[in-house]
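What follows is each chain in one-letter form.
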Amino acid sequence: MALATRPDRRPSLIGYVWRSTVGKKAVMAVTGLIMLAYLVAHLLGNLKVFFGPEEFNAYGRWLRTIGEPFLHHEWFLWLARVALVTAVVLHGTAAYQLSRRDLAARPQGYVHQRRRASYATRTMRWGGVILGLFIVWHILDLTTLTVNEHAEPGHPYENLVATFSTWYGNTIYITAMVALGFHVRHGFWSAAQTLGAGSPRRDRALKAVANGLAAVLTCGFISIPVGVMTGVVS
């Protein structure tokens, strides 16, 4: 008696895209741009710290009321957090799998490699690791307030000043922001190429935008702990 066999299930479009190298690079590009947009908005909000505790704390309260009364209190904040965590996980997973695939495809004993490509690859890999660890620290520091010894719930300005009044808080933050600058510089350029925005005529402009974004984000974020250390923010 012949046994009935189930035909092989055809992979879904999402599965096919995810398994392909091009698909993983596209996922990295899109999620990277999502995180970049968040960073720009996050920096603009954080710079309110230079206008004093009243304005910065009011900004913190406003974030929890976005979308009301359609959305419940803090719902927008949690939706944004879920979206960001999803983007970070997809971005990191795709990067790891592409790295493993690249190592597996490299011939044994292959030693010749362009210095620039090697530098960019190492910067992106180690920068990604540093930023991943920093995200965990940042959440524990200024969201859950677990590692912030002098934190007070509902007082974001005072909590920010507290963390940047310590040498380790400044060291961790500034190191991560330098890594962020390099990551954005290389990542924006790679994303543009992956999504087809690059061309001989636009390459110079894209490089300028990548360098500008990296510089603005790095200097902008670092200005906050510097402001606390110099007494401009206190």
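Now for a description of the structure that goes with this document. Just so it is clear, the model here is predicted, and its values are computed rather than measured.

What counts as what
- Here the residue numbering is sequential within each chain, running from 1 through the sequence in written order.
- Two thresholds apply to this predicted model, a pLDDT of at least 70 for residue-level local features and 80 or more for giving and counting side-chain atom pairs, whereas whole-chain, interface and lining totals are computed over all residues.
- Remark: hydrogens and water are excluded; side-chain values derive from all non-hydrogen atoms of the structure.
- Elements are defined by DSSP. Helices are runs of H or I of four residues or more, strands are runs of E of two residues or more, and each kind is numbered from the N terminus.
- Working definition: with a 1.4 Å probe on protein chains only, accessible area under 20% of the residue-type maximum means buried, over 50% means exposed, and in between means partly exposed.
- Throughout, a contact is declared for two residues whenever any of their heavy atoms are within 4.5 Å.
- For the purposes of this section, nonpolar cores are sets of buried Ala, Val, Leu, Ile, Met, Phe, Trp, Tyr and Cys residues that join through side-chain atoms within 4.5 Å.
- Criterion for a salt bridge: a side-chain nitrogen of Lys or Arg within 4 Å of a carboxyl oxygen of Asp or Glu.
- For a helix, the expected span equals 1.5 Å multiplied by the residue count minus one.
- Note that bend, as reported per residue, equals the angle between axes fitted to the 7 residues terminating at that residue and the 7 residues originating from it.
- Note on geometry: axes are C-alpha line fits, over the in-contact stretch for helices, and angles between N-to-C directions span 0 to 180 degrees.
- By definition, turning the near helix anticlockwise from the far helix through less than a right angle yields a left-handed crossing, and turning it clockwise yields a right-handed one.
- For this classification, Asp, Glu, Lys and Arg are treated as charged, while Ala, Val, Leu, Ile, Met, Phe, Trp, Tyr, Cys and Pro are nonpolar and the rest, including Gly, are polar.
- In these notes the angle categories are as follows: under 35 degrees is roughly parallel, over 145 is roughly antiparallel, 65 to 115 is roughly perpendicular, and the rest is oblique.

### Overview of the overall build of the protein chain
For step 1, the next point in the chain: Helix and strand content of the protein chain: eight helices and zero strands.
For step 2, the next point in the chain: Along its sequence from the N terminus, the protein chain presents helices and strands in the succession α-α-α-α-α-α-α-α.
For step 3, the next point in the chain: The buried share among the 234 residues of the protein chain stands at 30%.
For step 4, the next point in the chain: In the protein chain, once contacts between residues fewer than 6 apart in sequence are set aside, the share between residues at least 24 apart is 68%.

### A short note on the nonpolar core
One broad trend across soluble globular proteins is that nonpolar side chains are buried collectively.
For step 1, the next point in the chain: Within the largest apolar cluster, 28 residues are counted, with the highest numbers of intra-cluster contacts made by Val49, Leu160, Met177, Leu180, Leu217 and Phe221.
For step 2, the next point in the chain: Those elements giving two or more residues to this core turn out to be α2 (21-46), α3 (53-63), α5 (115-142), α6 (156-163), α7 (167-194) and α8 (203-229).
For step 3, the next point in the chain: At eight residues, the largest contribution of residues to this core is made by α8.
For step 4, the next point in the chain: Discounting chain neighbours no more than four positions away, the residues touching Met177 are Phe134, Thr218, Phe221 and Ile222.

### Regarding the pattern of salt bridges
For step 1, the next point in the chain: Summed over the entire model, instances satisfying the criterion amount to two salt bridges.
For step 2, the next point in the chain: Close ionic contact of Lys48 with Glu55 constitutes a salt bridge, the shortest N to O distance being 3.7 Å.
For step 3, the next point in the chain: Overall, Lys48 belongs to the partly exposed group, its relative accessible area being 28%.
For step 4, the next point in the chain: Taking relative accessible area as the criterion, Glu55 reaches 34% and is therefore assigned partly exposed.
For step 5, the next point in the chain: The residue Arg64 makes a salt bridge to Glu74 at a minimum N-O spacing of 3.3 Å.

### Details of unusual backbone geometry
Trans is the prevailing form of peptide bonds, just as negative phi is the prevailing case for residues other than glycine.
For step 1, the next point in the chain: A cis amide bond, omega 5°, links Glu68 with the succeeding residue Pro69.
For step 2, the next point in the chain: Of note, Pro69 is situated in the loop between α3 and α4 (75-105).
For step 3, the next point in the chain: Unlike most non-glycine residues, Glu74 shows phi in positive territory, near 75°.
For step 4, the next point in the chain: Along the polypeptide, Glu74 turns up in the loop between α3 and α4.

### A few points about α8
For step 1, the next point in the chain: The terminal C-alpha atoms of α8, which comprises 27 residues, lie 39 Å apart, in line with the 39 Å expected from a rise of 1.5 Å per residue.
For step 2, the next point in the chain: Where α8 bends most, the angle comes to about 30°, and this point is Ser223, followed within four residues by the proline Pro225.
For step 3, the next point in the chain: For α8, the full list of buried residues reads Leu206, Ala210, Ala214, Leu217, Thr218, Gly220, Phe221, Ile222, Ile224, Pro225, Gly227 and Val228.
For step 4, the next point in the chain: Lining the buried residues of α8 we find α2, α6 and α7.

### A closer look at the packing of α2 against α8
When two helices pack together, their arrangement is captured by the angle between the axes and the distance separating the axes.
For step 1, the next point in the chain: Running from amino to carboxyl end, α2 crosses α8 at an angle of 35°, the nearest separation of the two axes being 10 Å. In terms of crossing hand, the pair formed by α2 and α8 is left-handed. On α8, the residues that touch Leu36, Leu39, Val40, His42, Leu43 and Asn46 of α2 are Leu213, Val216, Leu217, Gly220, Phe221 and Ile224.
For step 2, the next point in the chain: Tallied by class, residues from the contact of α2 with α8 come to nine nonpolar, three polar and no charged.

### Observations concerning the side chain of Asn159
For step 1, the next point in the chain: Topologically, Asn159 is positioned in helix α6.
For step 2, the next point in the chain: The class for Asn159 is buried, based on a relative accessible area of 5%.
For step 3, the next point in the chain: Those residues in contact with Asn159, other than ones at most four positions away along the chain, are Leu142, Leu145, Asn148, His150, Ala151 and Glu152.

### Considering the packing of α7 against α8
For step 1, the next point in the chain: α8 packs onto α7 with a crossing angle of 165° between their chain directions and a minimal axis gap of 9 Å. Taken together, the axes of α7 and α8 lie roughly antiparallel to each other. In terms of crossing hand, the pair formed by α7 and α8 is right-handed.
For step 2, the next point in the chain: Split by residue class, the contact of α7 with α8 holds 19 nonpolar, five polar and three charged.

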